[in-house]
Amino acid sequence: MAAGFVRVSLIGNLGKDPEVRFTASGTAVCNMRVACTERAKTREGNWEDKTEWVSLVCFGKTAENAGQFLQKGRQVFAEGRLQTREWNDKDGNKRYSTEVLADKVMFLGSGPNAGGVREQRPTPAHSGAFDDVPPHPVDENMPF
């Protein structure tokens, strides 16, 4: 039986500045929230926007560069795989978070630090274990 394959590609705008933290071993981890908006016609013929908020995580040099060069509102292209992780909230309840673990991030559009399109590829592949990074909360009140 063949193994499964999940690959995610997205283009969207950052809902807030990237958050960079470091694991106990010194690996940079960057968490970002990306608003991906699609426009489609309704049955009535009106155009309607639908926005999906996606949690994006990258590691190593890619994470460091994202923290340095990206900011709220900046458009990015990201490619990676889905990962769902389990964690306990402050009351001890099990919670789940699904994120895109990006192995490729391209900075799109313009901004104060933009010099055109800049592609970031990670250093060695991360194992996917990042228990010391707290889950990224969902904030439905973001202005995007």
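Residues numbered from 1 in each chain as written. Predicted model: local features only at pLDDT ≥ 70, side-chain atom pairs only at ≥ 80, totals over all residues. Heavy atoms only, no water.

**A few points about the packing of aromatic side chains**
Thinking step 1. Counting across every chain of the model gives one aromatic pair.
Thinking step 2. For the ring pair Phe69 and Phe107, a centre distance of 6.4 Å and an interplane angle of 45° mean the geometry is tilted. Here the residue Phe69 occupies a position in helix H1 (residues 60–69), and Phe107 occupies one in strand S6 (residues 94–107), the gap between them amounting to 38 residues. Pair check on accessibility: Phe69 and Phe107 agree, each one buried. (Phe/Tyr/Trp six-rings, centres within 6.5 Å; stacked < 30°, edge-to-face > 60°. Helix = DSSP H or I, 4+ residues; strand = E, 2+ residues; numbered from the N terminus. Buried < 20%, exposed > 50% of the residue type's maximum accessible area, 1.4 Å probe, protein only.)

**Things to note about the pairing of strand S4 (residues 47–59)**
Thinking step 1. Where strand S3 (residues 28–41) meets S4, 13 bridges bridge the pair, whose relative direction is antiparallel. What sits directly across from Arg33, in S4, is Ser55.
Thinking step 2. Summarising the sheet, S4 and S6 pair through two bridges and their orientation is parallel. From the neighbouring strand, Val57 faces S6, where its bridge partner is Leu101. (Pairing = 2+ DSSP bridges.)

**Things to note about the pairing of strand S2 (residues 19–22)**
Thinking step 1. Examined bridge by bridge, S2 and S3 share four bridges and lie antiparallel to one another. Across the sheet, residue Phe22 finds its bridge partner in S3, namely Ala28.
Thinking step 2. Between the antiparallel neighbours S2 and S3 lie five residues, among them Gly26 with a positive phi of about 95°.

**Points about the nonpolar core**
Thinking step 1. One finds Leu10, Met32, Val34, Leu56, Cys58 and Leu70 to be the most contacted residues of the largest nonpolar core, which totals 21 residues.
Thinking step 2. Taken together, the elements giving at least two residues each to this core come down to strand S1 (8–14), S3, S4, H1, strand S5 (75–88) and S6.
Thinking step 3. No other element matches the five residues that S3 contributes to this core.
Thinking step 4. Dropping the residues within four chain positions of it, Cys58 is found in contact with Ala28, Val29, Cys30, Met32, Ala63, Ala66 and Ala102. (Core = buried A, V, L, I, M, F, W, Y, C linked by side-chain atoms within 4.5 Å. Contact = heavy atoms within 4.5 Å.)

**Some thoughts on the environment of Lys41**
Thinking step 1. Within the secondary structure, Lys41 sits in strand S3.
Thinking step 2. Dropping the residues within four chain positions of it, Lys41 is found in contact with Asn46 and Trp47.

**Observations concerning the side chain of Arg85**
Thinking step 1. Summarising the element assignment, Arg85 is placed in strand S5.
Thinking step 2. A polar atom in the side chain of Arg85 sits 3.0 Å from the side chain of Glu99. (Polar contact = N/O pair within 3.5 Å; in protein donor to acceptor, adjacent residues only side chain to side chain.)

**Points about the pattern of salt bridges**
Thinking step 1. With the rule as written, the count across this model stands at ten salt bridges.
Thinking step 2. Residue Glu79 pairs with Arg7 through a salt bridge whose shortest N-O separation is 3.5 Å. Of this pair, Glu79 sits in strand S5 while Arg7 sits in the segment before S1, and the two are 72 residues apart along the sequence.
Thinking step 3. Residues Glu64 and Lys61 are paired through a salt bridge, measuring 4.0 Å at the closest nitrogen-oxygen approach. Remark: Lys61 and Glu64 occur in helix H1; sequence separation between them is three residues, near one turn of the helix.
Thinking step 4. Judged by relative accessible area, which is 44%, Lys61 ranks as partly exposed.
Thinking step 5. Ionic contacts of the salt-bridge type, sharing partners, join the residues Arg7, Glu79 and Asp103 into one network. (Salt bridge = Lys/Arg side-chain N within 4 Å of Asp/Glu carboxyl O.)

**Examining the environment of Val20**
Thinking step 1. Mapped onto the secondary structure, Val20 falls in strand S2.
Thinking step 2. Here Val20 is in contact with Ala28, Val29, Cys30, Ala63 and Gly67, once residues within four sequence places are set aside.

**As for the confidence of the model for the protein chain**
Thinking step 1. With 75% of its residues at a pLDDT of at least 70, the protein chain reaches an overall mean of 82.
Thinking step 2. Model confidence for the protein chain, summarised as mean pLDDT per element, is weakest for strand S7 (residues 118–120) at 46 and strongest for S2 at 96.
Thinking step 3. The low-confidence segment residues 113–144 (pLDDT under 50) makes 78 contacts with residues lying over four places distant or belonging to another chain. (pLDDT = per-residue confidence, 0-100.)

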